[in-house]
Amino acid sequence: MPAFALEAVWACHAALVQAAEGDDDGVRLVGLLLYYLDGVHGIDLRGLIGVVERVLAVFSLDLPAVRTLVTHLVLNSEAGPESWAACDEVLAAWRRAGIA
């Protein structure tokens, strides 16, 4: 992932955290997100923040395995040996980085 794109995802994360803390602008953001989050995904704002943090953890690792997984996810391709091996590699890297 290009650095500018990763920085944009971090900025989105920061906005969501700020919204969760009750900032004035954040209150408006929460108002826009609540119906979508609950109705479409069945999660709340804290759940969305957790999802974004997991995505950032993967993207921040910058492993070839991450690119393999993202490619499989984006293309909705069937999980095969290559994607399972990539998943195992990413999980091992997470454990080494202290992410449970």
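Quick notes on the rules
Residues numbered from 1 in each chain as written. Predicted model: local features only at pLDDT ≥ 70, side-chain atom pairs only at ≥ 80, totals over all residues. Heavy atoms only, no water. Axes fitted to C-alpha atoms, helices over the stretch in contact; angles between N-to-C directions. Helix = DSSP H or I, 4+ residues; strand = E, 2+ residues; numbered from the N terminus. Parallel < 35°, antiparallel > 145°, perpendicular 65-115°, else oblique. Left-handed = near helix turned anticlockwise from the far one by under 90°. Contact = heavy atoms within 4.5 Å. Core = buried A, V, L, I, M, F, W, Y, C linked by side-chain atoms within 4.5 Å. Buried < 20%, exposed > 50% of the residue type's maximum accessible area, 1.4 Å probe, protein only. Expected span 1.5 Å × (residues − 1).

Q: So what's going on with the packing of helix H1 (residues 3-20) against helix H3 (residues 45-61)? Which residues, and what values?
A: One can describe the packing of H1 onto H3 by two numbers: an axis separation of 10 Å at closest approach and a directional angle of 155 degrees. Looking at the two axes, H1 sits roughly antiparallel to H3. The handedness of the crossing between H1 and H3 comes out as left-handed. On H3, the residues that touch Leu 6, Val 9, Trp 10, His 13, Leu 16, Val 17, Ala 19 and Ala 20 of H1 are Leu 45, Arg 46, Leu 48, Ile 49, Val 52, Glu 53, Leu 56, Phe 59 and Ser 60.

Q: Kindly report on the nonpolar core, identifying the contributing residues and their values.
A: Ranked by size, the top nonpolar core spans 11 residues in total: Leu 6, Leu 16, Ala 19, Val 30, Leu 33, Leu 37, Leu 45, Leu 48, Ile 49, Val 52 and Leu 56. Looking at this core, the elements with two or more residues in it are H1, helix H2 (24-41) and H3. Per-element tally for this core: the top contributor is H3, with five residues. Excluding anything up to four places from it in sequence, Ala 19 contacts Gly 26, Leu 29, Val 30 and Leu 45. Core analysis: the second largest hydrophobic core is formed by 10 residues, Ala 57, Leu 63, Leu 69 and Ala 93 among them.

Q: Can you tell me about H3, naming the residues and giving the values?
A: Here H3 spans 25 Å end to end across 17 residues, near enough to the 24 Å set by a 1.5 Å rise per residue. Regarding H3, the residues found buried are Leu 45, Leu 48, Ile 49, Gly 50, Val 52, Leu 56, Ala 57 and Val 58. Within two residues after H3, Asp 62 carries a phi angle of roughly 50 degrees, on the positive side.

Q: I'd like a rundown of the environment of Glu 89, residues and numbers included.
A: Locating Glu 89 in the fold gives a position in helix H5 (residues 81-97). Each residue touching Glu 89, except ones within four places of it in the same chain, is listed here: Leu 63 and Ala 65.

Q: Could you give me a rundown of the side chain of Ser 83, with the residues and numbers involved?
A: Relative to the helices and strands, Ser 83 is located in helix H5. Setting aside residues no more than four positions away along its own chain, Ser 83 makes contact with Leu 69 and His 72.

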